[in-house]
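Listed below are the residues making up each chain.
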Amino acid sequence: MTVKKTLLFSRRAPIAAGLLAVALFLPACTSGDSGNSNNGTAGPAGSSQAAAVTVSIEPANATSISPVTPIVVKAANGTLTGVTVQNTAKHTTVKGEFSADKTTWTSSEPLGYGSTYAIDAHGADSSGKTVEQQGQVTTVSPSKQANPNMIPAPASVAQTGVGVGQPIVFQFTYAVKNKADVEKQLSVVSNPPQEGSWYWIDDKNVHYRPKEYWQPGTTLTVSAKIYGVDFGNGVYGAEDRTETYHVHDSWIAKADGNTEQMRIFHNGQVVKTMPISMGKDSTPTHLGPHVISFKAESYHMDSCTYGVCKGDPGWYSSDERWSERISNDGEFVHENPNSVGAQGSSNVSHGCINLNAENAEWFFHNLGLGDVVEVTNSGGQQLPVWDLYGDWALSWEQWQQGSALK
C-alpha cells in the first residue's frame, strides 16, 4: 500500500507543478482593485485577501430617541479617521470621543429635544483603503417638560445650612407616571454615609430622609439626572440638577403636653426649658416629630388658610411675632402674649405652641429650617406624612414602602 501511494503522488506532482507555473505567468485581469470593495466581505476560503474596512452607526437612522441615548460609531477591520454629528437645523456639532485604538467614537454630550442630527463617519484600513458611512437620527419631541424644583431652595439655606430633620424634596412641575424610571435617576450622597430612601408623597412630590436624623456636620450631594427621562403621558425631564446641602448642629425641641414644658436640646444636651401652651382639646397639636419649614419675625396668621374662615367657630386672624412653621395646617411655634397665663399649666391654643416674648425670641434665633420639634402627650393625632414634613411620623419600614423601587 505504501508503494502505491508513492507512485500515485509521483504521477500527479508534475501536473501540479505545471499548473503552478501557468498560474505564475498568467496576465493579471483585475489588477488590485478588487481589494477596494467596501462590502466588508472576506475572500474565498484559504485566500490571503483581508476583509474590507466597514463603519457602523448606532442607533441607525432612528426616530424619537431619547436625547441622552449616545451615538456610537464603530469601525471593523480598520480605524475611524473622522466622525461628525451635526444638528441639521442649528448647524451645531455634537462633541464626542474616540477610543484609544480609534475603532469607536461615542458622543459625549446630550442631544436636544425634537432635533435631527446628521452623522458622517469615515474609516480606513492599514493599506489606505477608505470607506464613508452616513446616517441620521431624530430625538423625541415631548408634549411637556418637567422641572425638578428642590425644597428647601438651596440658595435659601446656603449660609445657614439645614437641621438634622430636614427631608430632601424634589417637586416636579408635572405629574410622574413612570415613578420607578424617575427614581432611578435621583440620588442623595451623604458624607459621612447614612442609610436613606425615597418616598412618593403624591405624583409630583418625592421625599428623601435617612433612617435616623442626619448627623450634624453632614454634607449632602443631591442629584436629579432626569433630562431625557420619560415621565409618562408625554412628559419628559427638562434638565439635570445637582445641589449641595450642609447639615448644621443638632437642635431638637421636645414639647410635652402633660408637663406643659418644652426642653431644647443642642447636640444632645439640654440647654433651655420653657413653659408652653399647646392646642386645646378641640384643636390639639399633632403628635410626633415636626420639622421647621419657615420662619418670620412677624407673620399674619389666619385660620382660613386651613378651612376655618370668618364666621366659623374658632376663626382667628392676627399678627404674631417670632413665628416658625412646623406643619402646613397652621401649626407654629410663636410668641402669644394672650396665653402667657396658661403657659406651663394648660393647653389653650388653636394647635400652635405658644411661648412668652423672651422665650419666643430665643427660640427664633437658635432654631431654624430643618430643626425638629417633637410633640408628645398633646391629645392630637399623629402628624400625617403628607403634611409638608410629616416624614418622621412613619417607621423606617413604612417609609421604605413609599419607594417606587421597593
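Please read these numbers as outputs of a predicted model, since none were measured by experiment. (Residues numbered from 1 in each chain as written. Predicted model: local features only at pLDDT ≥ 70, side-chain atom pairs only at ≥ 80, totals over all residues. Heavy atoms only, no water.)

1. Let's talk about the sheet that holds strand E17 (residues 241-246)
Line of reasoning, step 1. Strands sit in the order E11-E14-E17 across an open sheet of 3 strands; the sheet is antiparallel. In the strand order of this sheet, the two ends are held by strand E11 (186-191) and E17, each with one partner. The average undirected angle you get between the axes of adjacent strands in this sheet is 15°. (Pairing = 2+ DSSP bridges. Helix = DSSP H or I, 4+ residues; strand = E, 2+ residues; numbered from the N terminus. Axes fitted to C-alpha atoms, helices over the stretch in contact; angles between N-to-C directions.)

2. What to know about the state of the cysteines
Line of reasoning, step 1. Taken as a whole, this structure holds 1 disulfide when the rule is applied.
Line of reasoning, step 2. Here Cys304 pairs with Cys309 through a disulfide, and the sulfurs are 1.9 Å apart. On the sign convention where negative means left-handed, the S-S torsion of about 75° between Cys304 and Cys309 marks this disulfide as right-handed.
Line of reasoning, step 3. For Cys309, a relative accessible area of 25% puts it in the partly exposed group. (Disulfide = S-S within 2.5 Å. Buried < 20%, exposed > 50% of the residue type's maximum accessible area, 1.4 Å probe, protein only.)

3. Looking at the packing of aromatic side chains
Line of reasoning, step 1. One pass over the structure, following the stated rule, counts 14 aromatic pairs.
Line of reasoning, step 2. For the ring pair Trp251 and Trp362, a centre distance of 6.1 Å and an interplane angle of 70° mean the geometry is edge-to-face. Highlighted residues: Trp251 in strand E18 (residues 251-256) and Trp362 in helix H3 (residues 357-366), separated in sequence by 111 residues.
Line of reasoning, step 3. A residue is classified by how much of its surface remains accessible, and Trp362, at 24% relative accessible area, is partly exposed.
Line of reasoning, step 4. Among the aromatic side chains, those forming a connected cluster through ring pairs are Phe170, Phe172, Trp198, Trp200, Tyr208, Trp214 and Phe231.
Line of reasoning, step 5. Above the ring of Trp399, the side-chain terminus of Arg209 is found at 5.2 Å from the ring centroid. (Phe/Tyr/Trp six-rings, centres within 6.5 Å; stacked < 30°, edge-to-face > 60°. Lys NZ or Arg CZ within 6 Å of the ring centre and 35° of its normal.)

4. Some thoughts on the sheet that holds strand E8 (residues 144-146)
Pairing between the strands of a sheet is mediated by backbone hydrogen bonds and can be parallel or antiparallel.
Line of reasoning, step 1. Sheet architecture is open: 3 strands sit in the order E8-E16-E15, paired in mixed fashion. Strands at the two margins of the open sheet, each flanked by one partner only, are E8 and strand E15 (230-232). For this sheet, the mean angle separating the axes of adjacent strands, direction not counted, is 35°.

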